[in-house]
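Coordinates in review
Here is what each chain is made of, one letter per residue.
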Protein chains: 2
Amino acid sequence: MAKNGISRRRFFADAGKFATGAALGMVILGIGSRTGIQGRAQEVPNWPWPYEALDLEEVALQGYEGYYEGKCSFGAFHAIVGALADKVGYPFNIIPTEMLYFGHGGVVGWGNYCGALNGACAAINLVTNKEGADALIKELNLWYEQTPIPLYKPSSPKVEIPDDAVSIAGSTLCHVSVTRWCNATGFKAKSKERSERCARLTAQVAQKAAELLNLYHAGAFTPEHTMPASVAECGACHGPGGPIENVKAKMDCLMCHERHP
Amino acid sequence: MAKNGISRRRFFADAGKFATGAALGMVILGIGSRTGIQGRAQEVPNWPWPYEALDLEEVALQGYEGYYEGKCSFGAFHAIVGALADKVGYPFNIIPTEMLYFGHGGVVGWGNYCGALNGACAAINLVTNKEGADALIKELNLWYEQTPIPLYKPSSPKVEIPDDAVSIAGSTLCHVSVTRWCNATGFKAKSKERSERCARLTAQVAQKAAELLNLYHAGAFTPEHTMPASVAECGACHGPGGPIENVKAKMDCLMCHERHP
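Residues numbered from 1 in each chain as written. Chains lettered and ligands numbered in written order. Predicted model: local features only at pLDDT ≥ 70, side-chain atom pairs only at ≥ 80, totals over all residues. Heavy atoms only, no water.

**Digging into the nonpolar core**
Heads up, the rule is: Nonpolar core, defined: a set of buried Ala, Val, Leu, Ile, Met, Phe, Trp, Tyr and Cys residues in which side-chain atoms within 4.5 Å join the residues together. Only protein chains enter the accessibility calculation, which uses a 1.4 Å probe; a residue whose area is less than 20% of its type maximum is buried, one above 50% is exposed, and one in between is partly exposed. We call two residues in contact whenever any of their non-hydrogen atoms come within 4.5 Å of each other.
Core analysis: the biggest nonpolar cluster contains 136 residues, and Ile137(A), Tyr144(A), Ile137(B) and Tyr144(B) have the highest contact counts within it. Ile137(B) has contacts with Phe102(A), Val107(A), Val108(A), Tyr113(B), Cys121(B) and Ile124(B), leaving out every residue within four places of it along the chain.

Structure, rendered in structure tokens:
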């Protein structure tokens, strides 16, 4: 039990109670019951929080600016949650969006999961249930792997890069995404042009995530991307039910492994 | 501007203002000023939120149980943030910890960044500034790569696995971590034993993250793990300032690439 007699909110047990406003699982903020003053207190809704459709151009611009403020993962998370704070206000304005800072450079520079994706995922999952998050993030990952990046260009770029300085990552790994862009364009990994590329990438990822959320919450989301063929081909032996079954993944196997009989 | 005249909180501009209680960057929750009723309203503190030392055994148990409730990423995030909600209460009890569900299986099953790490990172970053998050998560990543997993054993396991069914991941990637454990133990990737392994891993990661947070906030944190030699060796050419400089990463290069002249 938490202080003040507030039960720690539990996970799936509370799902679906938001619509009914059930008191269980809601944290009442305010002073009424504790001081004897009655009044309308603000309640923290159960997860997932209610979404409102966002302006995609505004989200992209905030993602671009956010990159230069707090790097890629904060940039994408703040672009969406900040836009909801601007549009809806409470409860989105109580989330410290800085908590997604850690995702930068594939988690504190590790080159692991792309930080812009990580921030966008957290924003998606704040406003979708688990089935929705699974579906939208699967689509976002596949889109990222298969789409030329960056295509977003701000009206006032902080750094100029050629319009054709784009590449297809083929992977959701920051390291692969960055290296393939460097190899395709000749820019160095620590250059200001590569930073600008990641700022535009952050804009593009945040915009795509908001587009998926807009569609999903309008009941109009349908997946458009398919898994790389290797996931099923290699999975026939290495995946679920296969004779070896030592792999649990949806990445394109052939980005790192060679085909073998 | 958000509704209610509340300014959208900005990133580094607000850092450090928590201690002074500056009004800028704080969201006032409550009813006083809007209804004429005066009283003590609850304020959302600026990031990073104030931390209190946690009981490591309790965090581990919550991580284990949380895995079976909402998988690895939720499990680790909820173990720490939920423990803070239990101990401190507000504001930790306003965070919907379900928002980290997406990290399961290396981000919706992708096999990318280990979900337990992802959840632990978000919890760390909620209560540390960017320098602290960078330092603690670097240590957590290196510890994960180099430590036998899982070593945590609950007093009442949901599934029995041998005490020696452990492996060293060598990577922060879920896919690599899982496959190396499957290869070392003979258990299949979709088996209930592998799930139990990941539940214990979630406990171990959450516990380690809380240990690092306890040390950091007591002023007693010192890094204990070092980078794989390949990061500097390969980085001499491929890293910052090198003649090729097409890589920005801290993963062990030799987990996926072969040594070359």
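Further notes follow.
**What about a positive patch on the surface?**
How we decide: For patch building, the residue pool is restricted to those with more than 30% relative accessible area and no salt bridge; the joining distance is 9 Å between like charges and 5 Å between nonpolar side chains (Val, Leu, Ile, Met, Phe, Trp, Tyr). The protein chains shown are the only cover counted for residues, whose accessible areas, like all others here, come from Shrake-Rupley with a 1.4 Å probe. Only one rule defines a salt bridge in this text: a Lys or Arg side-chain nitrogen within 4 Å of an Asp or Glu carboxyl oxygen. Neither His nor the chain ends contribute to the count of charged residues, in which Lys and Arg are positive and Asp and Glu negative. Throughout, a charge is located at the NZ atom of Lys, the CZ atom of Arg, the CG atom of Asp or the CD atom of Glu. Helix and strand assignments follow DSSP, with helices taken as H or I runs no shorter than four residues and strands as E runs no shorter than two, numbered in order from the N terminus.
On the surface, Lys138(A), Lys250(A), Lys71(B) and Lys190(B) cluster together into a patch of positive charge. By the secondary structure assignment, Lys138(A) is in helix H4 (residues 130-146).

**Examining the pattern of salt bridges**
Residue and element names in this part refer to chain A. Tallied over the full model, the rule gives 14 salt bridges over all chains. The partner of lysine 130 in a salt bridge is glutamate 131, with the nearest N and O atoms 3.7 Å apart. Note that aspartate 163 is salt-bridged to lysine 153, the shortest N-O span being 3.1 Å. A residue pair is termed long-range when its members are at least 10 positions apart, and aspartate 163 in the loop between H4 and helix H5 (174-185) and lysine 153 in the loop between H4 and H5 qualify at ten residues. On the basis of relative accessible area, aspartate 163 is assigned to the exposed category, the value being 58%.

**Concerning the packing of helix H2 (residues 56-87) of chain B against helix H6 (residues 192-217) of chain B**
All names here are of chain B. We apply this condition: Axis angles are defined between N-to-C directions and span 0 to 180 degrees, where every axis is a line fitted to C-alpha atoms and, for a helix, only to the segment in contact. The cut-offs work like this: below 35 degrees is roughly parallel, past 145 is roughly antiparallel, 65 to 115 is roughly perpendicular, and the gaps in between are oblique. Two helices that cross are described as forming a left-handed crossing if the nearer one is turned anticlockwise from the farther one by less than a right angle, and a right-handed crossing if clockwise. Charged means Asp, Glu, Lys or Arg here, nonpolar means Ala, Val, Leu, Ile, Met, Phe, Trp, Tyr, Cys or Pro, and polar covers whatever is left, Gly included.
Where H2 contacts H6, the two axes come as close as 7 Å, and the packing angle between them is 130°. When the interaxial angle is binned, H2 and H6 end up oblique. The handedness of the crossing between H2 and H6 comes out as right-handed. Each residue belonging to the contact of H2 with H6 can be placed in one class, and the counts come to 17 nonpolar, six polar and five charged.

**Looking at the side chain of His175(A)**
Looking at the element boundaries, His175(A) is found in helix H5. For His175(A), a relative accessible area of 15% puts it in the buried group. Apart from the residues within four sequence positions on either side, His175(A) is in contact with Gly111(A), Asn112(A), Val247(B), Lys248(B), Ala249(B), Met251(B) and His257(B).

So, to be careful, I would describe these as geometric facts and stop short of saying anything about function.
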